[in-house]
Amino acid sequence: MSLANFVTIGQFVPLDTPIHRLDPRVKLLLSLVLLVFIFVVGKLLPLLALFVLAMVCAALAKVPLMHLVRGMRPILILIVLTVVIQLFSTSGEPLLSFWGLTITKEGILVSLFVVLRLILLVSISVILTYATSPLDLTFALESFMLPLKRIGFPASEIALMMSIALRFIPTLLEETDKIIKAQTSRGADFSSGGVIARAKSFIPVLIPLFVSAFRRADELADAMESRCFITGEKRSRLHVPKLGLNDFVAVALCVVAMAGVYVWSIL
Amino acid sequence: MKTRDLILVAIFVSLSVISAFLRIPLPGLPLTFQLATAIASGIFLGKALGPASQGIYLALGLIGLPVFTKGGGIMYVLQPSFGYLLALPLSSFLTGWLWDNQGWKKIISVAAGVVVAFAIGIAYTYICTYFFLGNQKAIANILSVTLLLLFAKDIILGYIIYIIGSVLSPYYGKNRQ
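Residues numbered from 1 in each chain as written. Chains lettered and ligands numbered in written order. Predicted model: local features only at pLDDT ≥ 70, side-chain atom pairs only at ≥ 80, totals over all residues. Heavy atoms only, no water.

Caption draft 1: Structural view of the overall build of chain B. Summing up its helical and strand segments, chain B has six helices and two strands in all. Here chain B holds 177 residues, and 59% of them are scored as buried. (Helix = DSSP H or I, 4+ residues; strand = E, 2+ residues; numbered from the N terminus. Buried < 20%, exposed > 50% of the residue type's maximum accessible area, 1.4 Å probe, protein only.)

Caption draft 2: Local environment of helix α6 (residues 76-89) of chain A. If you check α6(A), its first and last C-alpha atoms are 20 Å apart, about what 14 residues at 1.5 Å a residue would give, namely 20 Å. When we look at burial in α6(A), the residues that qualify are L78(A), I79(A), T82(A), I85(A), Q86(A) and L87(A). (Expected span 1.5 Å × (residues − 1).)

Caption draft 3: Inspection of the nonpolar core at higher detail. Core analysis: the largest hydrophobic core is formed by 85 residues, its most contacted members being F210(A), F33(B), F44(B), Y57(B) and I164(B). Elements with a minimum of two residues in this core: α8 (134-145), α9 (155-185) and α11 (203-225) of chain A together with α1 (3-21), α2 (34-62), α3 (82-86), α5 (103-132) and α6 (137-168) of chain B. Ranked by residues supplied to this core, first place goes to α9(A) with 14 residues. Beyond its immediate sequence surroundings of up to four residues, I164(B) is in contact with I203(A), L206(A), I207(A), F210(A) and F44(B). (Core = buried A, V, L, I, M, F, W, Y, C linked by side-chain atoms within 4.5 Å. Contact = heavy atoms within 4.5 Å.)

Caption draft 4: View of the confidence of the model for chain B. Residue and element names in this part refer to chain B. Averaged over all residues, the pLDDT of chain B is 82; the fraction at 70 or higher stands at 83%. When mean pLDDT is compared element by element in chain B, helix α4 (residues 88-98) scores highest at 92, while strand β1 (residues 23-24) scores lowest at 74. Prediction confidence for the complex, expressed as pTM and ipTM, is 0.82 and 0.87 respectively. (pLDDT = per-residue confidence, 0-100.)

Caption draft 5: Inspection of the environment of L87(A) at higher detail. Residue and element names in this part refer to chain A. Positionally, L87 belongs in helix α6. The class for L87 is buried, based on a relative accessible area of 17%. Along the primary structure L87 and A257 are separated by 170 residues, whereas in three dimensions their C-alpha atoms are 31 Å apart.

Caption draft 6: The arrangement of the packing of aromatic side chains in detail. If you walk through the whole model with that rule in mind, you get ten aromatic pairs over all chains. Measuring from centroid to centroid gives 5.7 Å for F210(A) and F44(B), while their planes differ by 55°, and the two rings are tilted. Of this pair, F210(A) sits in helix α11 while F44(B) sits in helix α2, placing the two residues on different chains. Residue F44(B) is classed as buried on the basis of its relative accessible area of 2%. An aromatic cluster is present here, built from F210(A), F214(A), F12(B) and F44(B) joined pairwise through their rings. (Phe/Tyr/Trp six-rings, centres within 6.5 Å; stacked < 30°, edge-to-face > 60°.)

Caption draft 7: Layout of the side chain of E142(A). Residues and elements named next belong to chain A. Assignment of secondary structure puts E142 in helix α8. A residue is classified by how much of its surface remains accessible, and E142, at 15% relative accessible area, is buried. E142 has contacts with A155, S156, A159 and R237, leaving out every residue within four places of it along the chain.

Caption draft 8: Spotlight on a nonpolar patch on the surface. All names here are of chain A. There is a patch of nonpolar side chains on the surface, built from L76, I77, V80, V84, F88, L95, L96, F98, L101, I108, L109 and L112 and spanning about 1,000 Å² of accessible area. Among the secondary structure elements, those contributing two or more residues to the nonpolar patch are α6, β1 (94-98) and α7 (105-131). Here the element with the most residues in the nonpolar patch is α6; it accounts for five residues. Looking at where V80 falls in the secondary structure, it is placed in helix α6. (Patch = residues over 30% accessible without salt bridge, like charges linked within 9 Å, V, L, I, M, F, W, Y side chains within 5 Å. Areas by Shrake-Rupley, 256 points an atom, 1.4 Å probe, with all protein chains shown as cover. Salt bridge = Lys/Arg side-chain N within 4 Å of Asp/Glu carboxyl O.)

Laid out in C-alpha cells, this is it:
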C-alpha cells in the first residue's frame, strides 16, 4: 500500500484553453457568484439552461466527463437520499404506485430540480480546480483578502502559509510512506487486531512524522531567515497576473447569461 | 509572528491534509486522523496558531482543492458530516487553551477537544438532514444514533493523541521546557 498512489492532490491539469488562460481572480470570483446564483434560480428550465452553459464551459476547459462524474462522489449519498425522499413525499398528480408508495409527476420534477442544482454546484467547483493551479488559487484568495490587511488581518502571511502547505503535502506524504515502510520492516502490524490495537499501531508512525515535521520547520525557517525573510514585510512576485481583454469578455458573458437566466426564471 | 511559527502553521496544514488520507482500514467505517491532527495542532502550536492552521486547512478545501477525505469544494458544506470539519479549529483552540504538561490537565484538554468536535459534528448532521429532507424526524433520529456510535471512534483518536502529546510536548511546541 503506497499512500501517494491513492492521494491525488491537485486536480489541476495545465492546458492552454480559454478557461485556463483567464485570470485566477476572475475565475474564483465568477465561480463564487455563480454558486450563490444557483440558489436564486427557482425554476427547472432556467436551471437546465445554466447547466448547459456550465457544460459548455467544461467543454471549453477540456474537462474529461469522467473527471466531472468523479467529482460528484462526495454528494452521492445526498443525491440519492433527496431523490428518494422527494419522489415519494411530494403530493400531486399520481403517476405510478406500488407497495403503498406513490410517485407523482410533481415529485419527479422536484427531485430533478434538486439533483440538477447539486450537480451544478459540483460542476462549477470541479471546472474551477481543473483549470486553475493551486498556487493561482491561493494568489486569488490573497488578493481578495488584501483589503482586510487594513484592519490587521495577515493576508499575505496566510497566502504564504497556504503555498508552503501545498508545497509540503507531497514531501510529508513521501515521509509518511517511508515511516510506514520502516516500521513495517521492524515488524509493525497495521492490519490485524481490534480497532484500538490498529489505531495504536499508528502511534509509531505519527510520532516520527511530527518530529520530522518540526525538524523541517526549523530547517526551512533557518533557510528563509538566512535569505533575509522577515514576516510582515511586503513581498514581490515573479509572475504577476494581469487582467486582460479576455477576462472582461468572460465577466461580461457571465453577467449577460446570469441576467438572462434570472429574467427567464421570474417570468 | 516569527518565521518558524509561520512555517509550523503551514506544516500543520499539510499534516491535516495527509491525516485526511491516512486511514485505518476498518471494515465499515474508515478511521481518519483529522481530529487527531487538529488536537495536536492545539497542543504544539497553542491556542492561536493551532486554530489558524485548521482554519487555513478548511479554507483550502472550501475553495476547491481536494484536501478533504472525498475531494474538496464549496459543496462540502452540504455534506451532513461537514460539522466534523467545522469543529476542527474549535477543538484545536480548546485543547491549545487547556493543555498543560501536568498529568490530569492533559486528559481534560484532549477530552474537551474530542467532545467539542463530536457535539458540533452531530448537531450539524442533525440540522443538515432536517433541513434537506424536510420534516423527516425519524430519519434524522436514526442518523444521529448511528453517528453516536462513531463517537467511540473519536475517543480512540483522543487516546492516541493524548499519548503522542505526552511524549512530544516537553520537547516541541509552545510548552517546551
